[in-house]
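# Survey of secondary and tertiary structure
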Amino acid sequence: MNEKDWILLQTLYEVKSITKTAEMLYISQPAITYRLSSIEREFGIEIAKRSNKGLKFTSEGEYLVHYFEKMSRELEKTKDWLLNMGKKIQGNLRLAYLAPFLITGCQKY
């Protein structure tokens with residue numbers, strides 16, 4: 001498995017549709033089905049059940065998606081840590097912004 005597979009599983013889990021996932025990730029539907037089958041063979045589990053209404057993840061599939069979310073965050077932390085081990089400080093700066101006019105009691109500027 002690789003990072004692209006993590007993104008594929010996360011997107012499938014969120015949208016519950018191979019067709020929509022294919023559109024969002026610019027991948028063909030057969031390629032998604034093939035990757036999903038490969039992951040299922042690798043782990044020896046059924047990740048999702050397919051039906052006319054979309055995908056329903058099994059409990060094993062849900063566990064795998066949540067595990068990948070956790071591992072994705074850890075991978076990002078590791079990349080940042082390794083970049084910062086040298087003499088230069090490097091990495092991604094993540095900022096959040098809350099519009100002032102959305103806060104109760106504040107006036108719009």
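A quick note: this is a predicted structure, and the numbers were derived from the prediction, not measured.

### A word on the packing of aromatic side chains
Both the distance between ring centres and the angle between the ring planes are used here to describe each pair of aromatic rings. Taken as a whole, this structure holds four aromatic pairs when the rule is applied. Relative to phenylalanine 57, the ring of tyrosine 13 has its centre 5.1 Å away and its plane inclined at 90 degrees; by these criteria the two rings are edge-to-face. A residue pair is termed long-range when its members are at least 10 positions apart, and tyrosine 13 in helix α1 (residues 3–15) and phenylalanine 57 in strand β2 (residues 54–57) qualify at 44 residues. By the burial criterion, tyrosine 13 is buried, and phenylalanine 57 matches it. Site record: aromatic cluster; members linked through ring pairs are Trp6, Phe43, Tyr67 and Phe68. Its end group placed over the ring of tyrosine 13, lysine 16 keeps NZ or CZ at 3.9 Å from the ring centre.

### What to know about helix α3 (residues 29–43)
Under the 1.5 Å per step criterion, the end-to-end length of α3 is 21 Å for 15 residues, consistent within 8% with the ideal 21 Å. Within α3 the residues assigned to the buried category are Ile32, Leu36, Ser38, Ile39 and Glu40. If you follow the buried residues of α3, they end up packed against α1, α2 (18–25), β1 (48–51) and α4 (59–84). Following α3 by one or two positions, glycine 44 adopts a phi angle in the positive range, close to 70 degrees.

### Some remarks on the pairing of β2
Relative to β2, β1 is paired through four bridges, and the arrangement is antiparallel. Residue pairing for β2: alanine 48 is matched across the bridge by phenylalanine 57. Where β1 folds back on β2, the antiparallel hairpin that results is connected by two residues.

### Brief notes about α2
Listed in full, the buried residues belonging to α2 are Ile18, Thr21 and Ala22. The arc enclosing the buried residues of α2, seen along the axis, measures out at 100 degrees, which places them on a common side. On its buried side, α2 packs onto α1, α3 and β2. The N-cap of α2, judged by a side-chain oxygen 3.3 Å from the amide nitrogen of threonine 19 a few residues on, is serine 17. Phi for tyrosine 26, located one or two positions after α2, is positive at around 55 degrees.

### A look at the confidence of the model for the chain
Regions with low pLDDT should not have their predicted coordinates read in detail. Mean pLDDT over the chain: 84, with 83% of residues reaching 70 or higher. Of all secondary-structure elements in the chain, the lowest mean pLDDT belongs to β1, at 89, while α3 reaches the highest, 94.

### Remarks on the environment of tyrosine 67
Along the chain, tyrosine 67 turns up in helix α4. A relative accessible area of 37% means that tyrosine 67 is categorised as partly exposed. In this structure the C-alpha to C-alpha distance between tyrosine 67 and tryptophan 6, which are 61 residues apart in sequence, comes to 9.6 Å.

### Some thoughts on the pattern of salt bridges
All told, the structure shown has five salt bridges when counted by the stated rule. With a closest N to O distance of 2.6 Å, aspartate 5 and arginine 35 form a salt bridge. In this pair, aspartate 5 is assigned in helix α1 and arginine 35 in helix α3, connecting sequence segments 30 residues apart. Residue classification places aspartate 5 among the buried positions, given a relative accessible area of 4%. Residue arginine 35 is classed as partly exposed on the basis of its relative accessible area of 28%. In this structure, glutamate 46 engages lysine 49 in a salt bridge whose closest nitrogen and oxygen atoms are separated by 3.0 Å.

Analysis parameters
- Residues numbered from 1 in each chain as written.
- Predicted model: local features only at pLDDT ≥ 70, side-chain atom pairs only at ≥ 80, totals over all residues.
- Heavy atoms only, no water.
- Phe/Tyr/Trp six-rings, centres within 6.5 Å; stacked < 30°, edge-to-face > 60°.
- Helix = DSSP H or I, 4+ residues; strand = E, 2+ residues; numbered from the N terminus.
- Buried < 20%, exposed > 50% of the residue type's maximum accessible area, 1.4 Å probe, protein only.
- Lys NZ or Arg CZ within 6 Å of the ring centre and 35° of its normal.
- Expected span 1.5 Å × (residues − 1).
- Contact = heavy atoms within 4.5 Å.
- Pairing = 2+ DSSP bridges.
- Arc of directions from axis to C-beta.
- Polar contact = N/O pair within 3.5 Å; in protein donor to acceptor, adjacent residues only side chain to side chain.
- pLDDT = per-residue confidence, 0-100.
- Salt bridge = Lys/Arg side-chain N within 4 Å of Asp/Glu carboxyl O.

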